Structure formats: C-alpha cells, structure tokens
4 protein chains.
Amino acid sequence: MNTIGKIFTFTGFGESHGEAIGGVIDGMPAGVAIDLEAVQHELDRRRPGQSAVTTARKESDTVHVLSGLLGGVTTGAPIGFVIYNENQHSADYDHLRDTFRPSHADYTYTAKYGLRDHRGGGRSSARETATRVVAGAFARQALAHYGISVTAWTSQVGHIALPADYAGLDLSLVDSNPVRCPDPAVAAEMERLILEVKAEGDTIGGVVSCVVKGVPAGLGDPVFGRLSARLADAMMSINATKGFEYGMGFAGVAMRGSQALDRFAADDSGHVSTLTNHSGGIQGGISNGSDICFRVAFKPVATLMQEVPSIDSEGRPVVIKGRGRHDPCVVPRAVPVVEAMAAIVLLDALLLDRASRI
Amino acid sequence: MNTIGKIFTFTGFGESHGEAIGGVIDGMPAGVAIDLEAVQHELDRRRPGQSAVTTARKESDTVHVLSGLLGGVTTGAPIGFVIYNENQHSADYDHLRDTFRPSHADYTYTAKYGLRDHRGGGRSSARETATRVVAGAFARQALAHYGISVTAWTSQVGHIALPADYAGLDLSLVDSNPVRCPDPAVAAEMERLILEVKAEGDTIGGVVSCVVKGVPAGLGDPVFGRLSARLADAMMSINATKGFEYGMGFAGVAMRGSQALDRFAADDSGHVSTLTNHSGGIQGGISNGSDICFRVAFKPVATLMQEVPSIDSEGRPVVIKGRGRHDPCVVPRAVPVVEAMAAIVLLDALLLDRASRI
Amino acid sequence: MNTIGKIFTFTGFGESHGEAIGGVIDGMPAGVAIDLEAVQHELDRRRPGQSAVTTARKESDTVHVLSGLLGGVTTGAPIGFVIYNENQHSADYDHLRDTFRPSHADYTYTAKYGLRDHRGGGRSSARETATRVVAGAFARQALAHYGISVTAWTSQVGHIALPADYAGLDLSLVDSNPVRCPDPAVAAEMERLILEVKAEGDTIGGVVSCVVKGVPAGLGDPVFGRLSARLADAMMSINATKGFEYGMGFAGVAMRGSQALDRFAADDSGHVSTLTNHSGGIQGGISNGSDICFRVAFKPVATLMQEVPSIDSEGRPVVIKGRGRHDPCVVPRAVPVVEAMAAIVLLDALLLDRASRI
Amino acid sequence: MNTIGKIFTFTGFGESHGEAIGGVIDGMPAGVAIDLEAVQHELDRRRPGQSAVTTARKESDTVHVLSGLLGGVTTGAPIGFVIYNENQHSADYDHLRDTFRPSHADYTYTAKYGLRDHRGGGRSSARETATRVVAGAFARQALAHYGISVTAWTSQVGHIALPADYAGLDLSLVDSNPVRCPDPAVAAEMERLILEVKAEGDTIGGVVSCVVKGVPAGLGDPVFGRLSARLADAMMSINATKGFEYGMGFAGVAMRGSQALDRFAADDSGHVSTLTNHSGGIQGGISNGSDICFRVAFKPVATLMQEVPSIDSEGRPVVIKGRGRHDPCVVPRAVPVVEAMAAIVLLDALLLDRASRI
C-alpha cells in the first residue's frame, strides 16, 4: 500500500537503485500559488551527503513536477512528480543478492513476495522518504494559508536528550547545525557522539520532536480518524521508527489525573485556551487549539560498517559488512520527513473537517 | 470516521447514554464456526463493575448478533450486532450540559460539531470500545484457524512497572487478578496503588503490553500499510492513549546498532528465526515470524471525584466534580480492548497478504 | 463489501430471514434536525405488501434509530439503526437448501463462499435495500438544506414506456398510483400488464428514471470520482439492475455532435445555464447546474410462480417453483431505492466538494 | 479523485498539454514477468494519428517504467511510469482561455476549482486515458496467468450497429480495420459514416462492447462491490460515456422472467454452466463462470470543426470553432481503454476474492 490520506492523498513509487522515485499528490486544493524553490529546499534538507554525520551518497535530488500546476498555481488536478536517481552504486549490493541482512527488510520482503530487489534495499530503502518530503512541502504551502506551521527537530541522540518541554528552545536554530538540534551546546554533544559511533563502524538511534502551531480547534475525526491515530500511523510509516507519543506520552502514565489535567482559561473575548498542554493539543482525537506536539523514536540504523554474522537465503552462515553509503544516525535527515508527514496529515484533517457540519 | 480496516473492517456506532451501541463487522471470511460464548466472555472482561478497581456502572453488556451467521457459521455476509445500554444515569450529566470538563473531549467536540451529546461523554465515552471487543472476538476466532493468538496485560500502573522483557511472565495469569497483571506480587502492588488513588478521588495512568504469537512472516504492506503503522493507528484510536512503541521502542534510541541487531539463526530444516527480538517481530513494516510485541501508554482518566475548576460554554469559571461512575485507572479494562484492536489489524493484514503474489 | 461512500458513508447488514437488517450512517453532518416520520415514510414507500402489484410479504418495516441524534438533531456521531424482520416464512425455502435457482445468486454465493444462507435469498435478497432507504432518507434531509431534491419514477414496464423527456410530466403524481408512474393513463396500462404477467406466474422488467434538481455546478470529482461514475456504481449496486444511462444515454450514440451540444445561455445577472440538457446535468463528470437525470434498467424478477427446471448442488436436475412471496415486477418498489442511492451519492459529492479549493 | 481500485489500484496524473502524463500502479502481485512490448502495443492501439478516422495529433506515446520491476519481473513494489507529451499545440487553445466550449468540462471545472487549465482540455482531456491503458496492460498480464482475457470492439457507430449477440463474430478481426469492428462489411460502413461526418466538421457517437472470458465463478463482492457496479463505475469514468449495460441490459426490461432465465446445465464431471447468458456472466453481483459481457455508450465528441455559438467567462456571446486535432468519433480509440478498465476491475476482484473464505 503506497497511498496515505483520505482526501488529500499521496501515492509514492520508486526504489533506491531504480531509475527514479516519485509520486502523485492528489486532492491538493485549487488556487495555491506554489513556491517550487521552497519544495526543493525541503528536499535539500533531507538530501544525503549534507555533512559528516550523514551518508556520503551524492544525490542532487531535483524534483521535476509534471502536472497539476498552471502558471505556478494548483488547479485541483493531481500533481505528478519524479526525482531521478543519480548516484546508485548497485555493485555495492551484489554480495547481498542472496543474503539477509539482520534487522533489515531483506528477509521479510522475500517472505512476502517470494523475491526482493536487493539493490540498496529496493523499496524498503529510506530513499523513498524523499518523495514524502515533496508531498509534505505542497501540504505545508496549503497549510500556510491558514497560519499553520510544522517544525520538527532532533531532541535526542543516544542518551543525549533535550528536556521534554520545548518552551525554552529557539526553534529558529534547528537548521543551524548538522544534527538539527535547536540547542547549539547539546547539538555539539550529539554531533560528537554520532562521529564517535561512526568511527567505530556502528550506529545510534534518536528521537525527533515535532510541534504544529496554529491549528484551529476541531480537526480530527472520532473514532477511527483521531488526529492522534493518524499522526501515529503516518509517523510509524517512516523507516526505522519504533515509537510514537504525543503530549505527556509515556511519561504521563506515572502522573495523577489531578496533575495531568489541562485547566481551561477563557480571555475576555471568550477565546478558550489551556494553562498547560499535557494533552499535546489533542483531546478525544480532536485538536483543541493548543500546539500539537509529539515525539518519534528512531532505532539505530541496521547497516553497520563492521563485520556482522548473518545467513544467506539457504540458511547458511555468512559474514557481511556494509559497503554502501549509510547514515550512522538517521535522525538529522528524518527531521524534514517527520515534518512532511505531519503536514500531510494536518492538511487532510483540515479539508475533512469542512464536512463536519451542515 | 467510525470504520477501521481495509478488507476486514469494523464500523461502530453508539453513545454512552443512547439506546444502544453496536456495529457491523464486514469482510469476515466465510466458514468460521463462531463460539458466541467466547465473544461474550471477551465483553465480560471489559465490562464495568467487575471489581473495586473499576467503575461501578452496572451493565450486562450482552451482545445480540443480528446477521451474518447460518447455523453458527460465518457466511461472508456482514455481522451486525447491538449491545443495549441499561444503566445510564443521564441525570448525572445534567450539570455538564453547558460545561467543558478539562482534558475531556467536551470542548473539542463542540468546536468541531457546534453541539455535543453531553450525556456520559456521548460518542467520546470509552463505552464505545465494547463494540470493538465484539469485532475483535470475531477476528480472534478467524486468527485461531492459523494458530495466531493475541495476549495483552497490564505492565505498568503509575510508577509500578513490570520489566520490559515478558519472557519470564506466565501470561496464563493475566486474568487471575483484577488489574490483569500476570505477576501476582506486582499485581497486588498495582491494585493497592489504584485503590489509594481512588480513595483520594484521583486517577492514575498505566501501560498495556501485548504480544501476538504465531504470526507467519510476510504480513504487513510497505510503505503506508506497515504492520507497525497500522497497529499504532489502531492503538492510538483507543480512548486515553498517549503513546505506542514496539520492540525496543523508545528505549532503543540509546542503543548502538551493534547491540540492537537481531541475529538470524536457521535450523536444520531451513526455518529462519532470530536470536533476539529487538525488532518486535516487524522489520520493514512486515512480520518476520517472531512474536509481535508492543506497548500502549494510557493517561490518567480525566474525570476526578474531586472539585476541579473549569469553564462553561460562555467562558465563565465553574467548579465541577465527577458525579458519574468512573474508573480510577483505565488500564485493567483496556487490556481486552488492546487485544481486540490487535486482532482486527492482524486479521486484515493476513487477508490482504493473500494478494501479494501471482 | 457493504459500505458505500467516501466521507458520507453507509454500511449495511442483514439477511432476508435473519433477525434484523440495519446499518450505520457515518459522516452525517452535525446540526440537521431529523424528521423521523419522513424517514419512516420513505420506508413505507418501499415496504412489501403495498398493493396487488407487489409481494404479499407483510412487514411493518419500522426503523429504530439507536444513535447519532440528540434531541432529534444530528451530532456528527454515526447513526446506527435496525429494522426487525417480522414475517419470515423460512420454511418456504427449505426445498431450496440444496438447489440453485436459475438467474439468482444461489450458485454464485456458493461458488464464492462455499456456503450460502438459502432462506429467502439471505444477503442477496432485495430486502437489504430497505436499509439503503433509511440512509437515503437521512441524506435527503441534509440535501434539502441546500435546496436539492431527488425524484424517481417508473418510466417503463415491459414494452410500455413514457417518452424520454420528463418535461411534460407532473412528478407530484408519482405516488398517486401503485406503479409509481406520473402519467395516470400510462400507469393504468402498466398496472394491467403487471397483473396479467402475475396471473401467468411470470414476471416483467422495467425502467426507473430519476431527476435531481437544485444541484449547484461543481459537484463530482475528476477522474475516478465522476458524478456519473458514482451514480452508475450506486445504481448498479441495486438488485436486479442491468443498465444505467444519463442524459441522452444510449440514444445519444446515433446523434451528431452538432445536434447533441447543449448551448449556453447567460442571463443578465451572469447566471449560466444551457438551452438543452443532453448532458444530463453532468459534464466532464462534474455537475453543471442543470437537472441531473438518469435511467436505470431492471430485469424481470427471477423467481417465477411456475415450474422451472434447474439443478441441485450435486448437479442433478430438479424442478422448482417459487413458494415465497415475490414481486411480479420490482420497479414500483425500486423507485424509493433509486432515490435513496442518488441522495447518498449527491450528499457525499456535496461534502467532498468543500475540499476543492483553498 | 485520481485513484481507482481497492487493492489493485491505479493512480493517474497529467494534462493534455503538460510535460507528461503518467501514474502509479499499486498492488500488482509479485512474480509476474512483464512483456513491456505488449504494454507499448496496447498504447499504440490507443495512440492518436493511427488513421483517417482519428485525430491527427502525433504522439509516439512511449511508456517509461520507472520502478517496480527487477529483471523484468514484478516485485510487489508500485510501478511508476511516465509518458511524455510531445506534440502539444497549446497555441491552438489560446482563444479558449476565457471561453466555455458547450458540452465540454470547461464550465464545470471552472465552477469547481475557480480556474482551469484551458490548454487542450487539461485534465479533462481524453489524453489521460493513455495512462489507464498502461495500468490495464499490466493487469491483463496478471489475468493471463489465470486464463482470463478481455476483448472489446466497436459494435455501433451512429445508427450502424452489429447484432447484440457476439457469438457469430470473429473477435480476432477487431484490429483488422481502423474502426475496430470485427465484421469487415459493417466496419466499412462505419468507416464511411465517420469520414462523412468528419467532412462536415461534425462528430458521431458509438458503442463499445466487451467480453471477458475465463473468469471463474465467485468474483465480485456483495453488496456495494458488485462486479457489475464496479464495471459500471470504471466504464462511466471514461470520457464521453453516457451509458453502461451488461447481459440483456436495457433490452431485458421488455422480457418476461420466463424468457430471461439462464437455465443451468451440469456436465458429467459436475461442472455447472448455463444454456443462455442473459445475465451477462454476473448474478447477484458475482461472476458465474459464463462470459462477462457489457456495452458502453459514447456520445458524439463535443469539439466540432464548424462554428458554434457559445459564451465567454463573463457570459458574453462568442463563436468558437475547434482548431486543435480531434477525433470525429471517439469509439475506435476507446476500445483499448474499455479493455484496460475491465482488466483493472477484474484483477482487483480476483485478488479481493482470495479473502472470501477462511
């Protein structure tokens, strides 16, 4: 299943070492003047080869929009686009044709389909997430019409973590360092850890936090289209994710109800807000007008630049060692992907909400 | 949106204080002999009024199956069912008609729909989850044909937690105590905590863990139908949930790749398994044949039996105090709901997988 | 698959001789004051036993709405309802348990599911359409807010047909006679034909025409959600239908483009309309503001009150004769079903259209 | 909405005068060796500029498959493809920028989206159907594994019609003449009529008939996924269609039930078939193993090579005359499109049916 969304939808295609990746954005509202440079800018943020903490694969990742715009404005027609693959080193993967790498999708794809594209992970490669970034960039430009913005950042790498409360962070600093952590001192620590891990031929996990600001109260659909459930679905569809939480999240289980309640305040104009935001901006699956904030856990990348014992497709023991170009930590490049998926979910929810009342 | 699933689907209806709740199970494969007592048994596990740690609301929660069976066997036709509401005390909610309870869905439903059913929370009440348990019980009986079983348990209440590894637990003990924790000693501690919290008119959160055994390798669909994403969606659609993680989850972010890899082993017959299960039984979104294990965080219930400051629909300050019958901790009764949602997702994935190959 | 619609959806359940039929209406916009008597009135129009031209099965067909309303107003929550079956004569079908009736669904259901509910046709019975009428009645009340009305009528029985152009008909007369033909003289002829056919133990087909008035320009979605395609899908989902056409339909294939064009006219206020309506109110799959008009062909009912040679499930020849209570012509009772399905499609299209522009 | 199908799906994009058209085929079963020349061959059958009876627009319509194959075999991954537009004469449409052509989608797209791509009809152009042919060609190759074949032909142009019964036709002759009518004598008449109409700057309609052979009994889903309904939906999604009928179709309304029944026959091996096929291979929405046969009505093309009075976007009268390159009769090139849509529906139904039984 390569489509996400209900009325604003994205359908992707493409493998790591195929000719191109791309997709179709459907349900984009008509009348949005698209800034294609801003779309490309989002892709550039996800692009490999940005810094020492990411993979050395070189890709310009240039998006070609093939339809859906007239004079730069969306027409309501589907937006097809492609990104050509440029720097495949498929030979790096020849030794894996008949080998299952541990904790990859090699074995499971083979179990499901009877065969797999072994070149660079094929469809299971995170390369596919570049197409989501394009779809997300279109969604963001529609959301901007309503004053809704999405910002994600690296909040943890290994054991180095920012405090859960983001109120003290200057989110304008996210892109100021290669790990995309808005606290420069913590960012430097994270960077050191990633480089240390990389030097060992090892990898490390992390957490991406995200906040969506400007969301009106009322988005999200009970019961099975809860905004929280749709965000969880979207985030857990990203490669290497292992967990999702919003608002107080797992830490909230140890709280008393009396501590956890978000008390209301109404100002003189009758505008309702809450004094705290343990709810993470969503109550009963519907946005309440506060910031929507959530966190996504990413595991350490499974491809190591060291020898790893494994098996081949006949069950015989083999030793493999990553030869391709891989990230020691996926989190810095996952930041724009999390933002993209959040934007896709939010725009869909915003459009669906228009049908709520007569 | 009150439907979940792609080809095995469940559509629910009903409010806490309406005449009935119920739903339609569609896509149930033909030819399954249904044990209706087993269906009712699952409902009984979720039923209010079971013990001192749950709400005192008395409901027999008797399921009436109206269609889809012939001589007790599924025919492929949709299964409609109702559960009549019996013990509504709608008057308990009269004082809330124009009041927004903090951290409930009162404000958000009103923001979305312009009105809300204030009686017992209406559609936002967890009473709705009883219908999921019915759908899940049907799904479990289909899964049993393939040797797939789903077991959930309370693994944390407040700060009292079982170790993450469930290998040492005797899961046959889950229902041996009112909190549904398979370790009797820890269960007793949890029960004490819940009763203490209840005595204070307060509430507490917890975690439900779940393991699905017997799943063949190959279930789940890349990219947007990952089994992990669909489980996350299903779990986060349950009332009061704040987080989802599978396998190593959030704890995995601090691990090195070299620690986290699940090494393969193949036995003499060529059967592939892994020596560890940090992956939680899912790799690349597809089951790998190991146990699928995940955890769901529940917040403390928002209805307190103590005075709480809030506002009315005009923004004026009011003081409210829960008058209905509420759980001090939702987790013990959430256990069968988590199992039901997992069964719904797994059966759908199993049926979808049949289309994977020519 | 027992669900139709994208955001306004209906999910039905129930067999002819089960305990009840019913369904769930989801996506009903909040804030519609529902006239439940009007809902029941639509059901009464479809009810068996109305006249000599319909089946003698007696059913009060009383709808019980179980959820989704507060004080008679829709809340945005799903509307669950049941209609209890009352007058089943299941013994009438005992002789069919192992027999396939020709041109029924007996053989195909068995081929698909490996078993079938033989009592009254089970899920394949047109009894199921009563639940659609309920869903359609809710949709109509929402459409009425926007001045949209749906009217169907019997335009052909056997070879007796009204002219294709409905401009000369007084549609207020549809319910003035048992065949639901708005021309009383033609209605009398149709009635005579049906009674004659019935006396022979035979059956006859017919056509239902339908017009939707008041539809604004812009409803329907290119490419695969064309209003014409969705109407065709909805109509061809009704039992016994064999064809669908809209506007000039099949007759249009013999026309020249120069005859078939609907020329525009714009009045002084800039309001655009067309001088003719060969397009049937839909151009490029999207409504153009003219009446939407279409026609649905129904085959003669396959259950005859005469001896018919057939086979049993072992392939042995048998002779069967209808013993139940069946309509000699399905068309008069199909009129409210066609209206209901049209209303469901139109409301869904109207709500979806709200997402078309930024 | 630019996606069709439930588990085998096609999502298209592209405008007549954009850079490219294309799409994503998802849910293609793994393990099918694809003959790309056969895919291109289907496109060539739909290509403009084939003969004097079609438009003179020159397009090579070369399909570029970008993903989803490994060594020419499907992997289960989505198949992305593009067809570059080559021979746009967008200047032919400059005069239409502010004009609504009668019986086109110009007005309705503008009404829906507030703007439209006026170049060659934009997304409403039948050029889009080329992408469906690609998807259909993939579906056909999967269906061929099961011995299922799809054949369509021109059965009527204007008033010149083949008899309804196709038993006497040699369907291997469909492509032997430019109108794609398998009876050479009738084909010659049809061709004469089209050239005559073309010489007048006028256009004419027609009917495409289609038969699907080799379909096993059991495909299609009651109630809302009837094979007949899904075929109707797919056919009515094709540009310029006005009607759909299957089996006896509209002519069946004048038949008695006793004439219309398809009597069963079982041979010595217990194989069930019917002596006639008024049902068109579908009973109760499910295939019965007989040929599935249906007919699709196409209106005369709305673009005339003669002067036509119309209005501009301000409602002022204008006179327009087609300047682009247009088909005088759409039917010959619609034949492969009808086949493609039928193949898409059938493969989806075949895959869905695998979930019918435990």
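Residues numbered from 1 in each chain as written. Chains lettered and ligands numbered in written order. Predicted model: local features only at pLDDT ≥ 70, side-chain atom pairs only at ≥ 80, totals over all residues. Heavy atoms only, no water.

(A) Summary view of the relation of the copies chain C and chain B. Overlaying chain C on chain B yields an RMSD of 0.0 Å, the required transformation being a rotation through 180 degrees with an accompanying axial translation of 0.0 Å. Here the copies are linked by what is in effect a two-fold axis. Both copies contact each other with a shared surface, as 100% of the interface residues of chain C are interface residues in chain B too. (Least-squares fit on C-alpha atoms with pLDDT ≥ 70 in both. Contact = heavy atoms within 4.5 Å.)

(B) Quick peek at helix α2 (residues 106-113) of chain C. Within α2(C), 6 of the 8 residues are buried, which leaves it mostly tucked inside the rest of the structure. Of the positions making up α2(C), those classed as buried are D106(C), Y107(C), T108(C), Y109(C), K112(C) and Y113(C). Looking at the packing, one finds that the buried side of α2(C) touches β8 (99-100) of chain C together with β13 (264-266), β14 (272-274), β15 (282-283), β16 (286-287) and α7 (331-353) of chain D. Phi turns positive one or two residues past the end of α2(C), at G114(C), with a value near 80 degrees. (Buried < 20%, exposed > 50% of the residue type's maximum accessible area, 1.4 Å probe, protein only. Helix = DSSP H or I, 4+ residues; strand = E, 2+ residues; numbered from the N terminus.)

(C) Quick look at the pattern of salt bridges. Residue and element names in this part refer to chain A. As enumerated under the stated definition, the model contains 88 salt bridges over all chains in all. Here R101 ties to D106 by a salt bridge, and the two come within 2.8 Å at their closest N and O atoms. With a relative accessible area of 6%, R101 lands in the buried category. When salt bridges with common partners are traced through the structure, they connect E42, R45, R140, D175, R180 and E339 into a single cluster. (Salt bridge = Lys/Arg side-chain N within 4 Å of Asp/Glu carboxyl O.)

(D) Quick look at the interface of chain D and chain C. Counting residues at the interface gives 104 residues for chain D and 105 residues for chain C. Around 8,200 Å² of area is buried between chain D and chain C when both sides are counted, 63% of it from carbon and sulfur atoms. The largest contributions to the chain D side of the interface with chain C come from K112(D), F224(D) and K242(D), which together make up 12% of the buried area. Inspection of the chain D/chain C interface yields 8 salt bridges. Ionic pairing is found between D353(C) and K112(D), a salt bridge with its closest N-O pair at 2.6 Å. (Buried area = accessible area lost by both parts, 1.4 Å probe.)

(E) Broad picture of the packing of helix α1 (residues 36-46) of chain C against helix α7 (residues 331-353) of chain C. Residues and elements named next belong to chain C. Contact geometry of α1 with α7 gives a least axis separation of 7 Å together with a crossing angle of 140 degrees. Here α1 lies oblique to α7, going by the angle between them. Facing E42, R45 and R46 of α1, the residues of α7 in contact are R333, V335, P336, V337 and E339. Of the residues contributing to the contact of α1 with α7, the split by class is 3 nonpolar, no polar and 5 charged. (Axes fitted to C-alpha atoms, helices over the stretch in contact; angles between N-to-C directions. Parallel < 35°, antiparallel > 145°, perpendicular 65-115°, else oblique. Nonpolar A, V, L, I, M, F, W, Y, C, P; charged D, E, K, R; others polar.)

(F) How the structure looks around the side chain of D262(B). Along the chain, D262(B) turns up in the loop between α6 (257-260) and β13 (264-266). A polar contact of 2.5 Å, which involves the side chain of D262(B), links it to the side chain of T276(B). A distance of 3.2 Å separates the side chain of D262(B) from the backbone nitrogen of N277(B), its partner in a polar contact. Not counting residues within four places of it along the chain, the set of residues in contact with D262(B) comprises P102(A), S103(A), T274(B), T276(B), N277(B), H278(B), S279(B) and Q283(B). (Polar contact = N/O pair within 3.5 Å; in protein donor to acceptor, adjacent residues only side chain to side chain.)

(G) Region of the structure containing the packing of aromatic side chains. Following the criterion strictly, the structure yields 38 aromatic pairs over all chains and no others. Seen from their ring centres, W153(A) and Y166(A) are 5.9 Å apart, and the 55 degrees between their planes marks the pair as tilted. One end of the pair, W153(A), is in strand β9 (residues 149-157); the other, Y166(A), is in the loop between β10 (160-161) and α4 (184-199), and 13 residues separate them in sequence. Accessibility expressed as a relative area gives 3% for W153(A), which makes it buried. Given a relative accessible area of 16%, Y166(A) falls into the buried group. Clustering of aromatic rings is evident, with ring pairs tying together F10(A), F81(A) and F224(B). Over the ring of Y113(B) we find K112(B); its NZ or CZ atom is 6.0 Å from the centre of that ring. (Phe/Tyr/Trp six-rings, centres within 6.5 Å; stacked < 30°, edge-to-face > 60°. Lys NZ or Arg CZ within 6 Å of the ring centre and 35° of its normal.)

(H) Spotlight on the sheet that holds strand β3 (residues 20-26) of chain C. All names here are of chain C. The sheet built from 5 strands is open, its strands ordered β1-β2-β3-β7-β4 with antiparallel pairing. On the outer flanks of this sheet lie β1 (3-4) and β4 (63-65), each paired with one strand and no other. Bridge count between β1 and strand β2 (residues 9-13): 2 bridges; the pairing is antiparallel. Across the sheet, the residue bridging to I4 is F10, located in β2. (Pairing = 2+ DSSP bridges.)

(I) Spotlight on the side chain of D327(C). All names here are of chain C. Checked against the element boundaries, D327 lands in the loop between β19 (317-320) and α7. According to the relative accessible area criterion, D327 is buried, its value standing at 11%. Within polar-contact distance, the side chain of D327 engages the side chain of R333 at 2.7 Å.

(J) Molecular detail of the pairing of strand β18 (residues 308-312) of chain B. Residues and elements named next belong to chain B. Burial analysis of β18 places 4 of its 5 residues in the buried class, the great majority of the element. Here strand β8 (residues 99-100) runs beside β18; their pairing, made up of 2 bridges, is antiparallel. Bridged to F100 within β18 is I311. Here 4 bridges tie β18 to strand β19 (residues 317-320), and the two strands are oriented antiparallel to one another. Bridge pairing links P309 to V319 in β19.

(K) Here's a closer look at the relation of the copies chain D and chain C. Take chain D, turn it by 180 degrees, move it 0.0 Å along the axis, and it overlays chain C with an RMSD of 0.0 Å. When you check the interface residues of chain D against chain C, 100% turn up at the interface there too, and the contact is symmetric in its surfaces.

(L) Molecular detail of the interface of chain C and chain B. Between chain C and chain B, the residue contacts involve 35 residues of the former and 35 residues of the latter. Roughly 2,700 Å² is buried in total at the junction of chain C and chain B, and carbon and sulfur atoms are behind 64% of that figure. Considering only the surface of chain C that becomes buried against chain B, F13(C), L66(C) and L70(C) emerge as the three largest contributors, covering 22% of it. There are 0 salt bridges connecting chain C and chain B. Where chain C meets chain B, there are 5 residue pairs in polar contact (both at pLDDT 80 or more).

(M) View of the sheet that holds β19(B). The 3 strands lie next to each other as β8-β18-β19 (chain B), forming an open sheet whose pairing is antiparallel. Edge positions in the open sheet fall to β8 and β19 of chain B, since each of these has one partner strand only.

(N) Inspection of the confidence of the model for chain A at higher detail. Confidence in the prediction for chain A averages 93 pLDDT; 97% of positions are at 70 or higher. Interface scoring of the predicted complex returns ipTM 0.97; its pTM is 0.97. (pLDDT = per-residue confidence, 0-100.)

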